[in-house]
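# Residue-level structural notes
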Amino acid sequence: MTLKYLIQKEFTQIRRNAFLPRLIVIFPIMVMCVMPWVMNMEVKNVVVDVVDLDRSVQSQRLVHDIEHNTYFIFHGQKPTYAEALKDIEHTDADVVVVIPQDYSKDLTRGNQPQVLIAANAVNGTKGSMGAAYLSQIITANTSPTSTAIHDKISTLFLYNKHLNFKLFMIPALFAIVMMLMTGFLPALNIVGEKETGTIEQINVTPVSKWNFILAKLIPYWLIALFVITVCLLLAWLVYGITPAGPLWLIYLLAMLLALFISSFGLIISNYSDTMQQAIFVMWFFVVILLLLSGLFTPTRSMPSWSYLTTYINPVCYFVDAVRTVFIRGGDLQSIWHQVLALLGIGLFMGGWAVQSYKKNS
């Protein structure tokens, strides 16, 4: 019965706060409606300058292919390479294509023309991908045999046949929303009561540490259920995207992540003296956990020493498992080791949250 009244107290505090109820509702809506459009790793709108030294029908055909490609913004033709390079130096262009003077003659003789591609590699991804796109267009124009071979190749895209980047990012957004909603709020809970002085009223009661910490955690687990439900509904209503796997597995993974991050927030709150200190410490760890989780870039692209951190990063297990269920339609057998890892880390952090709470009775 004691636990029931403590949970009721937590919900009463949340309800009386003028800001938190609005935040719990509006934050997942804003993230799901805005972030899938902007968190797109696909390289588009590459600005291209062309230097055509040949001025032939064949070279103009190549220029028109570049101009009408949806991945490029055609910035115009420049008379010399030096002038085109100035556009790159002033960030007005990303790539320069130089068509040599004997381009049409080489094509007529059956030789391979040497077309220069100079890419601004300050942004390495944009530079390399822009150069790769242009190489494909140039190869298609200069080597008919390679085009014929390419036409005979049949490509089958598995799980995401339309290459929709939103399908890849929406499950990852679940992790961001869960981390911020069920991590920061518990982190500010106990330390907020320390600053207001109400924690002393609990310390002089016979309430056990287990009951006290559980009463702090359970409301945020219920908030996690609400948040993940809102995210799933918005993914369906706004983008027409639904999980390919069992829905209950997504809820299970969300609850395991909520167990970890809410316990971790309470641990930080137990060791902090002020809300400012708790916010900075929590932000420090949340950024590291998210960036090293494979949420934005593949973990296999990391150096070997940093890849080892994924074995103790629960967010990495969550992102990998939720994408397996959401996109590939995986079942429990497909993600059992991620589930066990999340459960183990979550129980460890929950026990730490109980032990780190100092009750002076």
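Computed from a prediction, not measured in an experiment: that's the story for all the values here.

### As for the overall build of the chain
Assigned secondary structure in the chain consists of 15 helices and 4 strands. Since a compact globule built from 361 residues should have a radius of gyration of about 21 Å, the 28 Å found for the chain marks it as more spread out than a globular shape. In terms of overall dimensions, the chain has a C-alpha envelope of 95 × 45 × 40 Å along the principal axes. Burial analysis of the chain (361 residues in total) assigns 47% to the buried set. In the chain, 78% of the contacts between residues at least 6 apart in sequence involve partners at least 24 apart. Counting only carbon and sulfur atoms, one obtains 63% of the accessible surface of the chain, whose full area is about 19,100 Å².

### Some words on the pattern of salt bridges
In this structure the tally under the stated criterion is 6 salt bridges. Taking the shortest distance from any N to any O, the salt bridge between Lys216 and Glu10 comes out at 2.8 Å. A residue pair is termed long-range when its members are at least 10 positions apart, and Lys216 in helix α10 (residues 209-239) and Glu10 in helix α1 (residues 2-16) qualify at 206 residues. For Asp87, the salt bridge is made with Lys78, and the minimal N-O distance between the two is 3.4 Å. In this structure, a network of salt bridges that share partners links the residues Lys9, Glu10, Glu193 and Lys216.

### Topic: the packing of aromatic side chains
Summed over all chains, the structure comprises 12 aromatic pairs. Ring plane angle 20° and centroid distance 4.5 Å describe the contact between Phe212 and Tyr357, whose orientation is recorded as stacked. In this pair, Phe212 sits in helix α10 while Tyr357 sits in the segment after α15 (336-356), placing the two residues 145 residues apart along the sequence. A residue is classified by how much of its surface remains accessible, and Tyr357, at 4% relative accessible area, is buried. Between Phe264 and Phe285, the ring centres sit 5.3 Å apart and the planes meet at 85°, which makes this aromatic pair edge-to-face. Of this pair, Phe264 sits in helix α11 (residues 247-271) while Phe285 is found in helix α12 (residues 275-291), placing the two residues 21 residues apart along the sequence. Assessed through its relative accessible area of 11%, Phe264 is described here as buried. Owing to a relative accessible area of 34%, Phe285 belongs among the partly exposed residues under this scheme. Looking at Arg323, its charged tip hangs above the ring of Phe168, at a distance of 3.6 Å from the centre. A cation over a ring is seen here: Arg328 above Tyr159, with NZ or CZ 5.7 Å from the ring centre.

### Digging into the sheet that holds strand β1 (residues 46-52)
Across the sheet, 4 strands lie side by side as β2-β1-β3-β4; this open sheet has mixed pairing. In this open sheet, the two edge strands, each paired with only one partner strand, are β2 (72-77) and β4 (116-119). The sheet shows a mean angle of 20° between the axes of neighbouring strands, direction not considered. Two elements, strand β3 (residues 95-99) and β4, share 4 bridges in a ladder whose sense is antiparallel. Residue pairing for β4: Val98 is matched across the bridge by Leu116. In the packing of helix α6 (residues 124-142) onto the sheet, the strands contacted are β1, β2, β3 and β4, and the crossing angle to β4 comes to about 160°.

### Quick word on the side chain of Ser263
Locating Ser263 in the fold gives a position in helix α11. A polar atom in the side chain of Ser263 sits 2.6 Å from the backbone oxygen of Leu259. Not counting chain neighbours up to four residues away, the residues in contact with Ser263 comprise Leu217, Ala258, Gly346, Met349, Gly350 and Ala353.

### Some words on the state of the cysteines
What the rule picks out here adds up to 0 disulfides. Cys33 forms no disulfide, and the closest cysteine sulfur to it belongs to Cys231, at a distance of 9.7 Å. For Cys33, a relative accessible area of 30% puts it in the partly exposed group. We classify Cys231 as buried; its relative accessible area is 0%.

### Details of α6
Its 19 residues give α6 an end-to-end C-alpha distance of 26 Å, which sits within 8% of 27 Å, the value for a rise of 1.5 Å per residue. Where α6 is concerned, the buried positions are Gly127, Gly130, Ala131, Tyr133, Leu134, Ile137, Ile138, Asn141 and Thr142. The arc that holds every buried residue of α6, seen down its axis, measures 160°, which confines them to one face.

### Some thoughts on the packing of helix α2 (residues 20-38) against helix α8 (residues 165-196)
As a packed pair, α2 and α8 sit with axes 10 Å apart at the nearest point and diverge in direction by 155°. Judged by the angle between their axes, α2 and α8 are roughly antiparallel. Crossing of α2 against α8: the hand is right-handed. Across the interface between the two elements, Leu20, Leu23, Ile24, Phe27, Pro28, Val31, Met32, Met35, Pro36 and Trp37 of α2 pack against Lys166, Ile170, Leu173, Phe174, Val177, Leu180, Met181 and Leu185 of α8. Grouping the amino acids of the contact of α2 with α8 by side-chain chemistry returns 17 nonpolar, no polar and 1 charged.

### Looking at the side chain of Ser59
Along the chain, Ser59 falls in helix α3 (residues 57-67). A distance of 3.0 Å separates polar atoms of two side chains, one belonging to Ser59 and the other to Asp52. Within the local environment of Ser59, its side chain forms a polar contact with the backbone nitrogen of Ser56, the two atoms lying 2.8 Å apart. Those residues in contact with Ser59 that sit more than four places away from it in its chain are Asp52, Asp54, Ile99 and Tyr103.

How each quantity is defined
- Residues numbered from 1 in each chain as written.
- Predicted model: local features only at pLDDT ≥ 70, side-chain atom pairs only at ≥ 80, totals over all residues.
- Heavy atoms only, no water.
- Helix = DSSP H or I, 4+ residues; strand = E, 2+ residues; numbered from the N terminus.
- Rg over C-alpha atoms; globule rule 2.2 N^0.38 Å.
- Buried < 20%, exposed > 50% of the residue type's maximum accessible area, 1.4 Å probe, protein only.
- Contact = heavy atoms within 4.5 Å.
- Areas by Shrake-Rupley, 256 points an atom, 1.4 Å probe, with all protein chains shown as cover.
- Salt bridge = Lys/Arg side-chain N within 4 Å of Asp/Glu carboxyl O.
- Phe/Tyr/Trp six-rings, centres within 6.5 Å; stacked < 30°, edge-to-face > 60°.
- Lys NZ or Arg CZ within 6 Å of the ring centre and 35° of its normal.
- Pairing = 2+ DSSP bridges.
- Axes fitted to C-alpha atoms, helices over the stretch in contact; angles between N-to-C directions.
- Polar contact = N/O pair within 3.5 Å; in protein donor to acceptor, adjacent residues only side chain to side chain.
- Disulfide = S-S within 2.5 Å.
- Expected span 1.5 Å × (residues − 1).
- Arc of directions from axis to C-beta.
- Parallel < 35°, antiparallel > 145°, perpendicular 65-115°, else oblique.
- Left-handed = near helix turned anticlockwise from the far one by under 90°.
- Nonpolar A, V, L, I, M, F, W, Y, C, P; charged D, E, K, R; others polar.

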